[in-house]
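These are the residues of each chain, in order.
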Amino acid sequence: MKEIDFSLKAKMFDSVSELSQDEQNLMDKAIEARNNAYAPYSKFQVGASILLDNGVIVTGNNQENAAYPSGMCAERVAIWSAGAQYPNMIVKKIAITAASSEIEVKNPVGPCGACRQALYEYEFNQKEPIEIIFMGETGKIIKVTSLASLLPFSFDSSYL
Ligand code: THU
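Residues numbered from 1 in each chain as written. Predicted model: local features only at pLDDT ≥ 70, side-chain atom pairs only at ≥ 80, totals over all residues. Heavy atoms only, no water.

Looking at this model, I keep getting lost on the site of the ligand. Mind explaining?
Residues in close proximity to the ligand include Ser 42, Phe 44, Val 46, Asn 62, Glu 64, Cys 73, Ala 74, Glu 75, Gly 110, Pro 111 and Cys 112, which together make up its full environment. In this structure, an oxygen atom belonging to the ligand sits 2.5 Å away from a side-chain N or O atom of Glu 64. Ala 74 places a polar main-chain atom, nitrogen or oxygen, 2.9 Å from an oxygen atom of the ligand. Its free accessible area being 370 Å², the ligand has 75% of it covered by the protein chains. Among the elements of the structure, strand 2 (44-52) and helix 2 (74-85) are those that each provide at least two residues to the shell around the ligand. When its residues are assigned to classes, the shell around the ligand shows six nonpolar, three polar and two charged. (Near = heavy atom within 4 Å. Polar contact = N/O pair within 3.5 Å; in protein donor to acceptor, adjacent residues only side chain to side chain. Areas by Shrake-Rupley, 256 points an atom, 1.4 Å probe, with all protein chains shown as cover. Helix = DSSP H or I, 4+ residues; strand = E, 2+ residues; numbered from the N terminus. Nonpolar A, V, L, I, M, F, W, Y, C, P; charged D, E, K, R; others polar.)

Laid out in structure tokens, this is it:
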């Protein structure tokens, strides 16, 4: 028997002002996207912004639907929009933020499992890590260096 250690190292910041200028700008775009989210059912608004290798920022927000499961998370709206508009472009970073009209979202909101998998597809293909920076509306900001670190024993096309 051999133990495998998947321990995760993350950076935690007290304020967006501690991020680099590029990252602050990326988070600003995520906040803008969050404010335009269509979340009339959950009232939980999420914004995501993606920095591409060419400097372009692509944003997305959650899009809900009266038929609840037909809705989509902000992160997948953003990554698929990037994939649709800039196929084969390297993704450098993604910033995510969430807020609610019902509660104060103080804890950093990481991407859900399905979004991690969808984002990982891009990281796996480009063979370059994608940084993920996420926060609530207020409070701490978390930064991790790759999707792989958020998905131990991840599934990818090499299994098919
Ligand atoms: N949501 C996201 O947009 N991203 C996540 O990673 C988690 C959840 C959305 C989906 C739904 O519109 C609302 O937040 C509540 O689950």
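From this point, the discussion proceeds with the structure in view.
What exactly am I supposed to notice about the layout of surface pockets here?
In this approach the atoms are scanned with a rolling probe the size of a water molecule, which exposes any empty space left behind. Size it by volume and the largest pocket reaches roughly 200 Å³. Along the walls of the largest pocket sit 14 residues, with Asn 88, Met 89, Tyr 122, Asn 125 and Gln 126 positioned nearest its centre. In terms of residue count, the dominant contributor to the lining of the largest pocket is helix 3 (residues 113-126) (four residues). Along the lines of polarity and charge, the residues of the lining of the largest pocket split into nine nonpolar, four polar and one charged. (1 Å grid on protein atoms, 1.4 Å probe; cavity = no way out; pocket = protein on both sides within 12 Å on 5 of 7 lines; lining within 4 Å. Points joined across faces, edges and corners; volume = space filled by probe spheres on them.)

What should I look at first to understand the environment of Thr 145 in this one?
By the secondary structure assignment, Thr 145 is in the segment after strand 6 (141-144). Taking the C-alpha atoms as reference points, Thr 145 and Thr 59, separated by 86 residues in sequence, lie 20 Å from one another. Apart from the residues lying within four places of it in its own chain, the contact partners of Thr 145 are Pro 129, Ile 130 and Glu 131. (Contact = heavy atoms within 4.5 Å.)

As far as function goes, none of this settles anything; it's purely spatial.
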